[in-house]
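# Geometric and topological summary
Listed here are the chains, written in short residue letters.
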Amino acid sequence: MTVIASDLDRTLIYSPAALALGMPDAAAPRLLCVEVYEGRPLSFLTETAAALLAGLAGRAPFVPVTTRTREQYGRVRLPGPPPRYAICANGGHLLVDGEADTGWRARVGRELAAGSAPLAEVRAHLERAADPAWLRKLRTAEDLFAYLVVERAAVPEEWLKELGEWAEGRGWSVSAQGRKIYAVPRPLTKSAAVAEVVRRVGEPAAEDGVLAAGDSLLDTDLLLAADRAWRPGHGELAARGWTAPHVTALDERGVAAGEEILRQMTGCLP
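Residues numbered from 1 in each chain as written. Predicted model: local features only at pLDDT ≥ 70, side-chain atom pairs only at ≥ 80, totals over all residues. Heavy atoms only, no water.

## Things to note about the overall build of the chain
When helices and strands are counted, the chain shows nine helices and 14 strands. For 270 residues, the compact-globule formula gives about 18 Å, and the C-alpha radius of gyration of the chain, at 18 Å, lands near that figure. Based on the C-alpha atoms only, the size of the chain along its principal axes is roughly 50 × 45 × 40 Å. Counting only residues that meet the buried cut, the chain has 50% of its 270 residues in that class. At a minimum sequence separation of 6, the contacts of the chain that also span at least 24 residues come to 57%. Working note: accessible area of the chain is about 12,300 Å², and carbon and sulfur atoms make up 51% of it. Averaged over its 31 positive side-chain charges, the chain has a centre that lies 3 Å from the centre of its 35 negative ones. (Helix = DSSP H or I, 4+ residues; strand = E, 2+ residues; numbered from the N terminus. Rg over C-alpha atoms; globule rule 2.2 N^0.38 Å. Buried < 20%, exposed > 50% of the residue type's maximum accessible area, 1.4 Å probe, protein only. Contact = heavy atoms within 4.5 Å. Areas by Shrake-Rupley, 256 points an atom, 1.4 Å probe, with all protein chains shown as cover. Lys, Arg positive; Asp, Glu negative; His and termini not counted. Charge placed at Lys NZ, Arg CZ, Asp CG, Glu CD.)

Shown next as structure tokens:
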């Protein structure tokens, strides 16, 4: 059995600012809105991508794997049947038929306590280190990790580098995605949660395996753990030129990349 595990934002679904519709208006693809926030459309995929995703989800277990909180994920209405399993908070929550698995959350809590500095310490450092000139918000997510909402162009690259070095020494990692800068404990991974889903649905046959997609540093472990994976032509991984032998680095950017990922995944199904 093939299991399909994919990041959502800037991999399959896109905000208006991330669509990258560089073609003439008359040639732009038709879009389907899959998320509304405060009465306004927020996330989209192409209608072709929507059909591909619905087809995939009807043929194999499709697992959304996101850094979003459960509340943020709950706003997303993907095409096709509701996923039996979904992973939120970068692996911190495993949803089964929409309900959080408390046993999984307890296991994650034990691993974080053993392998990384406390969230309170990291948040306090972010409060001290961030410059109010470019910081807009400092938030914690699900009592698991922290993130900053910033004016990205004003954030010094040297500051990001120093933050990454500070976090690494405490068992945390840093990822910059659009206007958000995430600080996430290293033991909190998408791949561990996907491995648990694979265990529950039954180990995939060797010829099938896990298909995965993602665009950011927080997706690296997910892509490396998959049997075959894709990353779009935009995002943190593309900016670093990151790839691996089993990872397809697409040229497509924006919403067109999401469509191409789904098209190639469809071609991999038996």
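After that view, the rundown keeps rolling.
## Description of the packing of aromatic side chains
Overall, the coordinates contain three aromatic pairs when judged by the stated rule. A ring pair is formed by F145 and Y182, whose centres lie 6.1 Å apart and whose planes are at 55°; its orientation type is tilted. With F145 in strand β9 (residues 145-150) and Y182 in strand β11 (residues 180-185), the pair connects residues that are 37 residues apart, well separated along the chain. As far as the burial class goes, F145 and Y182 line up, both buried. Each ring, one from Y147 and one from Y182, has its centre 5.7 Å from the other, and the planes form 40°; the classification is tilted. Of this pair, Y147 sits in strand β9 while Y182 sits in strand β11, and the two are 35 residues apart along the sequence. With relative accessibility at 11%, the residue Y182 sits in the buried group. (Phe/Tyr/Trp six-rings, centres within 6.5 Å; stacked < 30°, edge-to-face > 60°.)

## What to know about the sheet that holds strand β7 (residues 99-100)
One open sheet holds the three strands; their spatial order is β5-β6-β7, and the pairing between them is antiparallel. Strand pairing shows two members of the sheet lacking a second neighbour, β5 (85-88) and β7, which therefore form its edges. Where strand β6 (residues 93-96) meets β7, two bridges bridge the pair, whose relative direction is antiparallel. Along β7, the bridge assignment pairs V96 with E99. Sitting on the sheet, helix α6 (residues 190-201) is in contact with β5 and β6, with an inclination near 165° to β5. (Pairing = 2+ DSSP bridges. Axes fitted to C-alpha atoms, helices over the stretch in contact; angles between N-to-C directions.)

## Looking at helix α3 (residues 102-115)
Helix length check: α3 (14 residues) gives 20 Å between terminal C-alpha atoms against 20 Å at 1.5 Å per residue, within 8%. On its buried side, α3 packs onto β6, β11 and α6. Structurally, the start of α3 carries an N-cap: the backbone nitrogen of G103 is 3.0 Å from a side-chain oxygen of D101. (Expected span 1.5 Å × (residues − 1). Polar contact = N/O pair within 3.5 Å; in protein donor to acceptor, adjacent residues only side chain to side chain.)

## Some words on the state of the cysteines
All told, the structure shown has zero disulfides when counted by the stated rule. Free of any disulfide, C33 has its nearest neighbouring cysteine sulfur in C88, separated by 19 Å. (Disulfide = S-S within 2.5 Å.)

## Section: the environment of A176
Within the secondary structure layout, A176 lies in strand β10 (residues 172-177). Here the alpha-carbon distance between A176 and Y147, two residues 29 residues apart in the chain, equals 9.4 Å. The residues touching A176, leaving out its near neighbours within four places in the chain, are R152, L160, I181 and E236.

## Remarks on the nonpolar core
Counting 55 residues, the largest nonpolar core has F145, W159 and I181 as its most contacted members. Per-element tally for this core: the top contributor is β9, with six residues. Dropping the residues within four chain positions of it, F145 is found in contact with T67, A89, L119, R139, T140, W172, Y182, A183, V184, P185 and L188. Counting 27 residues, the second-largest nonpolar core is a separate cluster that includes L12, L45, L56 and A213. (Core = buried A, V, L, I, M, F, W, Y, C linked by side-chain atoms within 4.5 Å.)

## Describing the pairing of strand β8 (residues 135-141)
Regular strands place their side chains on alternate faces of the sheet. Note that β8 and β9 share six bridges and pair antiparallel. For T140, the partnering residue across the bridge sits in β9 and is A146. The antiparallel hairpin formed by β8 and β9 contains three residues in its connecting segment, where E142 sits at a positive phi of about 55°.

## Digging into unusual backbone geometry
With phi around 55°, A20 is a residue other than glycine that occupies positive phi space. Backbone geometry at E142 places phi at a positive 55°, although glycine is not the residue there. Checked against the element boundaries, E142 lands in the loop between β8 and β9.

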